[in-house]
Amino acid sequence: MNSYKYTALTTTGEKVTGMLEAIDQLEATAKIRQQYNVILNISEVGSRGMPGFLNIDLGGAKLNSKAFTLVCSQFSTILSAGIPIARAVKLIGDKTDDKYLNKLLKAVGDDVEAGRSISAAFEDHGGNLLPPTFCETLRAGEEAGDLAGAFESIYKHFDKQTKMGGKVRSAMMYPIFVLVVAVIVVMVLMVKVVPTFTAIFDDLGNELPLPTKMLIAISNFFSHYYIVIIAIIAIIGIAYVLTKRNPRGAMALARLELQLPVLGNIAELNAASLFANTMATMIGSGLPMTKAVSITSRVMTNDLYKQKVGDMVLKIEEGRTVVDSMRETEIMPDILTDMVGVGEETGEMKHTLDIVAEYYDSELEAAVTKAIAMLEPALLVVIAGIAGFIVIAIYMAMFSMYQGM
């Protein structure tokens, strides 16, 4: 569909300006003539590219998932009350504190008032920041004449995803904090504290125990080559980013992620949860199966799952069932595949996916909790080992010094 801007005259001679969507200019003209007798001008609206307001902030625009979920909830409530869509966009935009969403809704509101569909306006101004499920669900809701229901479906989907992401981040916060503090403390000890003792030991000239020699060697390495260490870490980070941007490299990293102990299981559960939740939302919105699978493939976070789910679209178009297409990917969990097969046979795909999504959500949360429970004592043991080694090395040198006096 293309967008066209037009200027026309009403029966009273009043000049009006608006926008609409049509396959070509001929269809656009026909649609305009249904409302106005005289068309003064009609032109296709070209690609706008990145909206100017996205470039105002130096850090770039970023979608706040919590604020976005709240906006979807507000749309559902206001539209259910019978308020026109243009008025609803303005009301919500005025009350939104998030800077990016506020500007986005103002731009969308202008387009909606000019006659554009809200899904097209969001897709045009949202760029790549809005999830693909959002615009597609809105478009399906427009076609079905139930925008309020579409926003309600979007709200439930993203509210669930936001809460799950929040639980995972909260669980990871403590071990990450402990690890960062431990690294900083060890660096300070090696660069500032240990060299002080080293100077004392050198002045005495006694033979030092092996642990003390090892500690001094490590301290000297950190003191003299800390820039090299930082450079190596930066090189590893840059290499990871470049590998991630390369299709073959990204696929290799995706396969590696699934093979890692503990983390691989979490990645599989996360992929299954994303697949079930997104498919349930897309099917509930009334999208055809091929479209639902195509959109689901775009939201998968693991590149291997993204490719395999995307390959399912062609197989389904060839006439194969969804469950057979899932089995041929050879990476989908058996429970998820079997439940999709049940839903396909009974015609209750949406309900079945909702059930299996809840199962994988709980399994993912339990797996993350278990991983954190294993990680915390491991970190404490490592930190205690490092601290113990430093204390023993210093005390052995002090005992040796006292014996030589």
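Everything that follows concerns the structure shown earlier in this document.
An account of the accompanying structure is given in this report. (Residues numbered from 1 in each chain as written. Predicted model: local features only at pLDDT ≥ 70, side-chain atom pairs only at ≥ 80, totals over all residues. Heavy atoms only, no water.)

### With respect to the nonpolar core
Here is step 1 of the chain: Counting residues in each nonpolar core, the largest one holds 44 residues, and the members touching the most others are Phe 275, Met 326, Leu 336 and Leu 353.
Here is step 2 of the chain: Examining the composition of this core, we find that twelve residues originate from one element, helix H10 (residues 263-284), more than from any other.
Here is step 3 of the chain: The contact partners of Met 326, leaving out residues within four places of it in the chain, are Phe 275, Met 312, Met 332, Leu 336, Thr 337 and Val 340.
Here is step 4 of the chain: Counting residues in each nonpolar core, the second largest holds 29 residues, with Phe 68, Phe 75, Leu 101 and Val 108 among its members. (Core = buried A, V, L, I, M, F, W, Y, C linked by side-chain atoms within 4.5 Å. Buried < 20%, exposed > 50% of the residue type's maximum accessible area, 1.4 Å probe, protein only. Helix = DSSP H or I, 4+ residues; strand = E, 2+ residues; numbered from the N terminus. Contact = heavy atoms within 4.5 Å.)

### Points about the packing of aromatic side chains
Any aromatic ring pair is given by two values, namely how distant the centres are and how the planes are angled relative to each other.
Here is step 1 of the chain: Scanning the model with the defined rule gives eight aromatic pairs in all.
Here is step 2 of the chain: Aromatic pair Phe 68 and Phe 158: ring centres 5.3 Å apart, planes at 75°, arrangement edge-to-face. Taken together, the positions of Phe 68 in helix H2 (residues 65-80) and Phe 158 in helix H7 (residues 147-204) put the pair 90 residues apart, joining distant regions of the chain.
Here is step 3 of the chain: Given a relative accessible area of 12%, Phe 158 falls into the buried group.
Here is step 4 of the chain: A network of ring pairs unites the aromatic residues Phe 68, Phe 75, Phe 122, Phe 134, Phe 151 and Phe 158 as a single cluster. (Phe/Tyr/Trp six-rings, centres within 6.5 Å; stacked < 30°, edge-to-face > 60°.)

### Section: the side chain of Glu 136
Here is step 1 of the chain: Mapped onto the elements, Glu 136 comes out in helix H6 (residues 132-144).
Here is step 2 of the chain: What makes Glu 136 buried here is its relative accessible area of 10%.
Here is step 3 of the chain: Polar contacts involving the side chain of Glu 136 include one to the side chain of Arg 139, which spans 3.3 Å. (Polar contact = N/O pair within 3.5 Å; in protein donor to acceptor, adjacent residues only side chain to side chain.)

### Examining a nonpolar patch on the surface
Here is step 1 of the chain: Residues Ile 176, Val 180, Ile 184, Val 188 and Val 193 make up a contiguous nonpolar surface patch of about 390 Å² in total accessible area.
Here is step 2 of the chain: Structurally, Val 180 can be placed in helix H7. (Patch = residues over 30% accessible without salt bridge, like charges linked within 9 Å, V, L, I, M, F, W, Y side chains within 5 Å. Areas by Shrake-Rupley, 256 points an atom, 1.4 Å probe, with all protein chains shown as cover. Salt bridge = Lys/Arg side-chain N within 4 Å of Asp/Glu carboxyl O.)

### Here's the deal with the pattern of salt bridges
It is possible for side chains bearing opposite charge to pair when their charged atoms get close.
Here is step 1 of the chain: Scanning the model with the defined rule gives 15 salt bridges in all.
Here is step 2 of the chain: For Glu 123, the salt bridge identified is with Arg 139, shortest N-O distance 2.5 Å. Of this pair, Glu 123 sits in helix H5 (residues 118-126) while Arg 139 is found in helix H6, placing the two residues 16 residues apart along the sequence.
Here is step 3 of the chain: Note that Asp 361 is salt-bridged to Lys 160, the shortest N-O span being 3.1 Å. Of the two residues, Asp 361 is situated in helix H15 (residues 349-403) and Lys 160 in helix H7; the sequence distance between them amounts to 201 residues.
Here is step 4 of the chain: The buried category is assigned to Asp 361, whose relative accessible area is 9%.
Here is step 5 of the chain: Taken together, the shared-partner salt bridges connect Glu 123, Glu 136, Arg 139 and Lys 291 into one network.

### Let's talk about the packing of H6 against helix H11 (residues 289-299)
Here is step 1 of the chain: Across the interface, H6 lies against H11 with an axial gap of 9 Å and an inter-helix angle of 155°. Judged by the angle between their axes, H6 and H11 are roughly antiparallel. Taken together, the residues of H11 that come into contact with H6 (itself represented by Pro 132, Thr 133 and Glu 136) are Lys 291, Ile 295, Arg 298 and Val 299.
Here is step 2 of the chain: Taken together, the residues of the contact of H6 with H11 break down into three nonpolar, one polar and three charged. (Axes fitted to C-alpha atoms, helices over the stretch in contact; angles between N-to-C directions. Parallel < 35°, antiparallel > 145°, perpendicular 65-115°, else oblique. Nonpolar A, V, L, I, M, F, W, Y, C, P; charged D, E, K, R; others polar.)

### Structural notes on the environment of Ile 266
Here is step 1 of the chain: With respect to the element layout, Ile 266 can be found in helix H10.
Here is step 2 of the chain: For Ile 266, a relative accessible area of 17% gives the class buried.
Here is step 3 of the chain: For Ile 266 and Ala 371, which are 105 residues apart along the polypeptide, the C-alpha to C-alpha distance reads 8.8 Å.
Here is step 4 of the chain: In contact with Ile 266, not counting residues within four places along its chain, are Leu 364, Ala 367, Val 368 and Ala 371.

As far as function goes, none of this settles anything; it's purely spatial.
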